[in-house]
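# Notes for the structure review
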Amino acid sequence: MKKTDIFDVIIIGAGVVGSCIARFLSRYKLNIALVEKEAEVGFGTSKANSGVIHAGFHDRPGTLKANLCVTGNSMFDKLCEELNVPFKRCGALVVALENKELKILEKLKAQGEKNKVPGLKIIRDDDLFQIEPNLTRRVKAALYSPTVGVVSPYELTMALAENAKQNGVRILLDTEVKDVTFQDNGAKVVKTQKGVLFAKYLVNAAGLFADEIARMTGDNGFTIVPRKGEEYILDKKRKELVKHVIFPIPQRQTKGVLIIPTVDGNIMIGPTSQVIDDKFDLNTTGKGLQMILEKVRKIVPAINDRDIIASFAGLRASSEGGDFIIQPSAKIRGFINIAGIDSPGLTAAPAIAMMVAEILKGEGLKLVQKDSYQPSYRWIKFRELSPEQKEELIKKDKRYGNVVCRCENVTEGEIVDAIKRGARTLDGIKFRTRAGMGRCQGGFCTPRIMRIMMNELNIPLEKITKRGRKSNILWGKTK
Amino acid sequence: MREIKADVAIIGAGPAGLAAALSAEREGAGEVLVLDRGEELGGILPQCIHNGFGLHRFKEDLTGPEYAQRFIDEVKTKRKIDVKLKTIVLEINQNKEVLATNSEEGIFKIRANSLVLAMGCREKTREMLHIPGSRPAGIFTAGLAQQWVNLEGYLPGREVVILGSGDVGLIMARRLTLEGAEVKAVVEIMPYPGGLTRNVVQCLQDFDIPLLLEHTITFIHGKDRLEAVSVAKVNSKKEPIPGTEKIIPCDTLLLSVGLIPENELSSLAGIEIDPSTGGPVVDERMQTSVEGIFACGNVVQINDLVDYVSQQGEVAGKNAALYALGKLEQPKGVINLKKGRNIRSLVPQIISAQGKVSFFIRVKNPEQKVKLVLGKSIFQQKNPIVKPNQMITWEVPFEDLRLNDDVKELEVSIRKL
Ligand SMILES: Cc1cc2nc3c(=O)[nH]c(=O)nc-3n(C[C@H](O)[C@H](O)[C@H](O)COP(=O)(O)OP(=O)(O)OC[C@H]3O[C@@H](n4cnc5c(N)ncnc54)[C@H](O)[C@@H]3O)c2cc1C
Ligand SMILES: Cc1cc2nc3c(=O)[nH]c(=O)nc-3n(C[C@H](O)[C@H](O)[C@H](O)COP(=O)(O)OP(=O)(O)OC[C@H]3O[C@@H](n4cnc5c(N)ncnc54)[C@H](O)[C@@H]3O)c2cc1C
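Rules used throughout
Residues numbered from 1 in each chain as written. Chains lettered and ligands numbered in written order. Predicted model: local features only at pLDDT ≥ 70, side-chain atom pairs only at ≥ 80, totals over all residues. Heavy atoms only, no water. Helix = DSSP H or I, 4+ residues; strand = E, 2+ residues; numbered from the N terminus. Rg over C-alpha atoms; globule rule 2.2 N^0.38 Å. Buried < 20%, exposed > 50% of the residue type's maximum accessible area, 1.4 Å probe, protein only. Contact = heavy atoms within 4.5 Å. Areas by Shrake-Rupley, 256 points an atom, 1.4 Å probe, with all protein chains shown as cover. Near = heavy atom within 4 Å. Polar contact = N/O pair within 3.5 Å; in protein donor to acceptor, adjacent residues only side chain to side chain. Salt bridge = Lys/Arg side-chain N within 4 Å of Asp/Glu carboxyl O. Buried area = accessible area lost by both parts, 1.4 Å probe. Domains from an automatic or database assignment. Nonpolar A, V, L, I, M, F, W, Y, C, P; charged D, E, K, R; others polar. Core = buried A, V, L, I, M, F, W, Y, C linked by side-chain atoms within 4.5 Å. Axes fitted to C-alpha atoms, helices over the stretch in contact; angles between N-to-C directions. Parallel < 35°, antiparallel > 145°, perpendicular 65-115°, else oblique. Left-handed = near helix turned anticlockwise from the far one by under 90°. Expected span 1.5 Å × (residues − 1). Pairing = 2+ DSSP bridges. Phe/Tyr/Trp six-rings, centres within 6.5 Å; stacked < 30°, edge-to-face > 60°. Lys NZ or Arg CZ within 6 Å of the ring centre and 35° of its normal.

### As for the overall build of chain B
Scanning chain B from N- to C-terminus turns up nine helices and 30 strands. Taking 417 residues into account, the globule formula puts the C-alpha radius of gyration at 22 Å, and chain B, at 22 Å, falls close to it. Principal-axis analysis of the C-alpha atoms places the extent of chain B at approximately 65 × 60 × 40 Å. Looking at chain B residue by residue over its 417 residues, the buried ones come to 59%. At a minimum sequence separation of 6, the contacts of chain B that also span at least 24 residues come to 62%. Summed over its atoms, the accessible surface of chain B is roughly 16900 Å², and 49% of this surface lies on carbon and sulfur atoms.

### Some remarks on the site of ligand 1
Residues and elements named next belong to chain A. As a matter of local geometry, ligand 1 sits amid 40 residues, with E36, S46, V52, I341 and T347 nearest to it. Here V16 contributes a backbone N or O atom positioned 3.2 Å from an oxygen atom of ligand 1. In the model, an oxygen atom of ligand 1 is placed 2.7 Å from a nitrogen or oxygen of the I341 main chain. Expressed as a share of its isolated accessible area of 1000 Å², the protein-covered part of ligand 1 is 97%. Only α1 (16-25), β13 (224-234), β18 (308-319) and α8 (345-362) provide two or more residues apiece to the shell around ligand 1.

### Observations concerning the pattern of salt bridges
All told, the structure shown has 56 salt bridges over all chains when counted by the stated rule. Its salt-bridge partner being R89 of chain A, residue D77 of chain A comes within 2.6 Å of it at the nearest N-O pair. Of this pair, D77 of chain A sits in helix α2 (residues 64-83) while R89 of chain A is found in the loop between β4 (87-88) and β5 (92-96), placing the two residues 12 residues apart along the sequence. R238 of chain A is paired through a salt bridge with D307 of chain A; the nearest N and O atoms lie 2.6 Å apart. On the criterion of sequence distance, the pair formed by R238 of chain A in the loop between β13 and β14 (245-247) and D307 of chain A in the loop between α7 (286-299) and β18 is long-range, its members being 69 residues apart. Given the relative accessible area of 24%, R238 of chain A is considered partly exposed. Through salt bridges that share partners, D235, R406 and R439 of chain A together with R37, R122, E262 and E264 of chain B make up one connected network.

### Topic: the interface of chain B and chain A
Counting residues at the interface gives 46 residues for chain B and 50 residues for chain A. Of the roughly 4100 Å² buried where chain B meets chain A, counting both sides, 56% is carbon and sulfur surface. Considering only the surface of chain B that becomes buried against chain A, R135, Y154 and D224 of chain B emerge as the three largest contributors, covering 17% of it. For the pair chain B and chain A, the interface holds six salt bridges.

### Examining the domain arrangement of chain A
Residue and element names in this part refer to chain A. For chain A, the domain assignment lists domain 1 (87-150 + 225-315) and domain 2 (382-463). For domain 1 and domain 2, the distance between their C-alpha centroids amounts to 32 Å. Counting residues at the interface gives seven residues for domain 1 and six residues for domain 2. The junction of domain 1 with domain 2 conceals about 470 Å² of combined surface from both sides, 35% of it contributed by carbon and sulfur atoms. Among the residues of domain 1 in contact with domain 2, K236, D264 and I309 are the three that bury the most area, contributing 68% of the side total. One can count three salt bridges joining domain 1 with domain 2. The partner of E408 in a salt bridge is K236, and the shortest N-O contact between them spans 2.6 Å. The interface formed by domain 1 and domain 2 includes five residue pairs in polar contact (both at pLDDT 80 or more). Residue composition of the side of domain 1 that touches domain 2, by class: two nonpolar, one polar and four charged.

### Regarding the site of ligand 2
Residue and element names in this part refer to chain B. Residues in contact with ligand 2 amount to 35 residues; listed here are only the nearest, D36, G52, V89, N298 and V306. At 3.1 Å from an oxygen atom of ligand 2 is found a side-chain nitrogen or oxygen belonging to R198. Within the backbone of V306, a nitrogen or oxygen atom sits 2.6 Å from an oxygen atom of ligand 2. Considering ligand 2 on its own, with 1000 Å² of exposed area, one finds that the protein chains cover 92% of that surface. Sorting the residues of the shell around ligand 2 by element identifies α1 (15-26), β3 (51-53), β6 (88-92) and α8 (306-324) as the ones contributing at least two each. When the residues that make up the shell around ligand 2 are grouped by side-chain class, the tally is 18 nonpolar, 12 polar and five charged.

### A few points about the domain arrangement of chain B
Residue and element names in this part refer to chain B. Taken domain by domain, chain B holds domain 1 (1-123 + 259-330), domain 2 (125-257) and domain 3 (331-417). Carbon and sulfur atoms make up 51% of the area that domain 1 and domain 3 hide from each other, which totals about 1500 Å². For the pair domain 1 and domain 3, the number of links is one salt bridge. One salt bridge connects D304 with R362, and the closest N-O pair in it is separated by 2.8 Å.

### Some words on the nonpolar core
The tendency in soluble globular proteins is for nonpolar side chains to be buried side by side. Counting residues in each nonpolar core, the largest one holds 69 residues, and the members touching the most others are I92, I110, V116 and L117 of chain B. Looking at which element gives the most residues to this core, the answer is α8 of chain B, with nine residues. In terms of domain composition, this core takes at least three residues from each of domain 1 (1-123 + 259-330) and domain 3 (331-417) of chain B. Setting aside its immediate chain neighbours within four residues, I110 of chain B contacts I4, A9, L33, L35, K96, E97, V98 and A100 of chain B. Counting 57 residues, the second largest nonpolar core, distinct from the first, contains V17, I53, L68 and I341 of chain A.

### Details of the packing of α1 of chain B against α8 of chain B
All names here are of chain B. At a minimum axis distance of 7 Å, the contact between α1 and α8 shows a crossing angle of 40 degrees. One finds that α1 runs oblique with respect to α8. For the pair α1 and α8, the sense of crossing is right-handed. On α8, the residues that touch P15, A16, A19, A20, S23 and A24 of α1 are V306, V309, S310, G313, E314, G317, K318 and A321. Considering only residue class, the contact of α1 with α8 consists of eight nonpolar, four polar and two charged.

### A short note on the environment of V386 of chain B
Residues and elements named next belong to chain B. Following the sequence through the fold, V386 ends up in strand β28 (residues 379-386). In the structure, V386 is positioned 17 residues away from K369 in sequence and 8.4 Å away in space, judged by C-alpha atoms. Setting aside chain neighbours within four positions, we find V386 in contact with N342, V363, N365, P366, E367, V370, I392 and I414.

### A look at helix α12 (residues 446-457) of chain A
An ideal rise of 1.5 Å per residue puts 16 Å on 12 residues; α12 of chain A measures up with 16 Å between its terminal C-alpha atoms. Turning to α12 of chain A, its buried residues number three or more, namely T446, P447, R448, I449, M450, I452 and M453 of chain A. Residues of α12 of chain A that are buried make contact with β21 (403-405), α10 (412-421) and α11 (426-433) of chain A together with α4 (142-152) of chain B. Positioned one or two residues after α12 of chain A, N458 of chain A has a phi angle of 60 degrees, which is positive.

### Examining the environment of A112 of chain B
Turning to its location among the elements, A112 of chain B is positioned in strand β8 (residues 106-117). Leaving out residues up to four positions away in the same chain, A112 of chain B has contacts with A6, D7, V8 and A9 of chain B.

### Topic: the sheet that holds strand β3 (residues 52-53) of chain A
Residues and elements named next belong to chain A. Pairing is antiparallel across the open sheet formed by three strands, whose spatial order is β3-β8-β4. In the strand order of this sheet, the two ends are held by β3 and β4, each with one partner. Strand direction decides the pairing type here: β4 and strand β8 (residues 149-151), joined by two bridges, are antiparallel. Note on β8: the bridge partner recorded for K88 is V150.

### Concerning the sheet that holds strand β16 (residues 228-233) of chain B
Residue and element names in this part refer to chain B. The three strands lie next to each other as β15-β16-β17, forming an open sheet whose pairing is antiparallel. The sheet is open, and its two borders are formed by β15 (215-221) and β17 (246-249), each paired with just one other strand. Between one strand axis and the next, the sheet turns through 30 degrees on average, direction left out of account.

### Things to note about the packing of aromatic side chains
How two aromatic rings sit relative to each other is set out by the distance from centre to centre and by the angle between their planes. Taken as a whole and assessed by the stated rule, the structure comprises 18 aromatic pairs over all chains. Pairing F58 of chain B with Y67 of chain B gives two aromatic rings, centres 5.6 Å apart and planes at 65 degrees, and the pair type is edge-to-face. The buried category is assigned to Y67 of chain B, whose relative accessible area is 0%. Here a set of aromatic residues connected by ring pairs shows up, and it is made of F359, F379, W394 and F398 of chain B. Cation over ring: R2 of chain B sits above F108 of chain B, and NZ or CZ is 5.7 Å from the ring centre. Positioned above the aromatic ring of W475 of chain A, the side-chain terminus of R158 of chain B is 4.5 Å from the ring centre.

Pasting the structure below:
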């Protein structure tokens, strides 16, 4: 990193929000840097959530959440098509188990209609069990929402950042912002553990740490409260359990525990919602699992904990007021805070990016389209090819014939592609290819993947990490 | 798509698949094709460099690679046995067609007269036990750690706790100690060890490694790399007892908590699976519920000795060859076997009651001074001691028993003497 780097815009945080902004701004003639403390993009909250593209009926009319969720949702077909990311509008059902809850369904529907959510309707009895046969017969009625979808949140974040990079954005990984100061000429000085960067405009999209970044500038206007959510993933052999995202009647703070048919063909159950004080606490708990199982079994009794193949926890970066905070700093021109982006932040991200571009323009940034902008991002998706196409490809490159991950059928060719796209850690490969995400959880493929990484990246095996920093897999050579 | 034809196609080249290939060839099968996704023959055996293999079969104490080599050498002399390594079987459809791929040939189809499933097993993961806590680097299944140490020459870590006292875990406790790591404890939830007694003595006691029976791991600590585990004593319901928790600092956790027969392909082929073994329901010829598909070894049930695996492989290979040649008569009457008192699993589950039948049996609970009983007491055998961690083999000479033709079901049970 050269000391003299001056960027038009620096974005702190390569989550889905920061990556969306970077990609959106990469259509303009701007010199942009996306700065991320983790070893890969998306390794904050954006890789650990429900992956649901919400419709927007949960949020109070007039809030940023309601508006940006509905707009964001409508942008997903085009966005995912451009980025080659799987997205499915599977629809959702909010189910009422008691007669007295029917009123709440009506209220949600009215609220959604106010927010301009299309297609909401109430379904009852037989029609319901026809489309979701595994629902308990105790369900009285459900609010059906056709625009709810599922996406792979980490694939999306990675593709956004990779496409931004293709369009000229500098991505600085393993680079933690330690301090932000200002010069008299308005330049922002961003100090990282690797050196100093200068920017004319600075965007704070640091998720859980957005309050700490703001505080570096003397802005104590908001505090981020981490709210943990645990999620559990079931074996693909249970993928027929539900076809729609199943919501319970929402609680005060949360949308409740969901049953989600993920875009990759697993069923996922969760999340919990627990306010904690440690921004690094990603522990799953026995209590969380029990609570989730109890709740989802009340709606789909066939769910069995023996089918769980993976679990994780994510931290929502909630604001104290409850709504998103997206605004220029009152004190410093050209500094924009994006904070409190908890759910539906994934859904809203593309709309947030547009809004941020508008704010930047208001702050004086010139947005001039560049001709070379390429919104379409493509790489080989072996899994989705026809048998004939696969055969063609293997003829050209033998590595596509070598299956490395036996549970998800990922080939050596795809692992090499992931490394070429930027994967540098084992989890980086996992989240790009699904290698190691199946029922054996990497038992078979880990050594094979690490050998490919060793050759492609030219690093010794003991230097390979799970997710950066000190997460090395191996200690060293045997005696 | 390219098609290959064979008399008998065998999926998996571990001891089960190799024994099946040799016996199919001996029985006169024309073309025997063996497929394995690994880089060498022998299945899991090349990484089992300790001894204890072949005591029954060869009356010799061999290492895993030595045991495998005896079969590999013989396979290499057989012109009619064709081996394809680094070849993964993707699918077996309901018409017994096999879809496979490798980097040299791409995706191809195999049409065989009969199939032998010998895919072995995989290890249970942390996720199946729902251990709470974080997800750092440094958590390995024991077999994966064995592969790192024995095949790749890398040490996973320096301070190790092992959960589960299955054989792989016990053997790795010794192996890692010899490589200079400190094994701080082997933690087992049951009141008795999961692996063979000889392994408890030779791998733990000889190295003063503590075995914590009736204990389990209740929490995993560590952000990037594992930092510690919480261990607690359990009550009779296997629930952690509050107040008994202690923290053991470590950088590595090995899981030896059980093996699962690898039957995703079998399910695609529509084969019936026995929930108590996790493998296909088979008859005494090792034929599955789909005519012409046979199975053997750890894909059928988890065996503790490779000798049994080879034995089943031979039975499966022979009958697969007979079937391919059109010489295998399907039995007229069949008898379903039921699991009686203190029986956890039983293979074969179906018999035609001709000739001698070898049963492989696991019990639920340890017991002393008992007998194995067939039916009310058509046939029985004394047994001084039975344990869940030791598979019982039992030969029943049906030709001598003269069962009535109308017998449709028989129970096998363990009774007090
Ligand atoms: C359990 C759970 C379920 C959810 N489900 C949904 C859902 O179904 N639908 C939906 O729309 N939303 C959902 N959400 C919300 C959604 O995940 C978030 O709104 C979204 O991921 C926020 O993205 P982000 O980019 O703001 O944050 P992040 O992804 O956390 O990105 C912030 C980045 O900033 C980096 N950073 C922080 N500090 C620094 C620093 N000092 N220097 C450099 N980099 C720094 C971090 O490492 C991180 O990568 C869920 C959230 C959780 C926790
Ligand atoms: C650590 C350890 C210690 C042991 N110690 C002893 C001992 O002391 N004495 C003893 O007698 N026994 C011992 N055993 C047990 C013995 O090794 C096993 O019972 C035996 O290897 C099982 O043989 P198998 O052929 O059924 O399975 P495996 O050896 O697992 O072979 C199965 C093969 O099938 C292949 N395969 C699976 N699916 C596919 C597919 N879709 N396409 C292509 N190929 C596929 C696999 O790659 C593998 O090569 C030990 C085992 C272990 C792991």
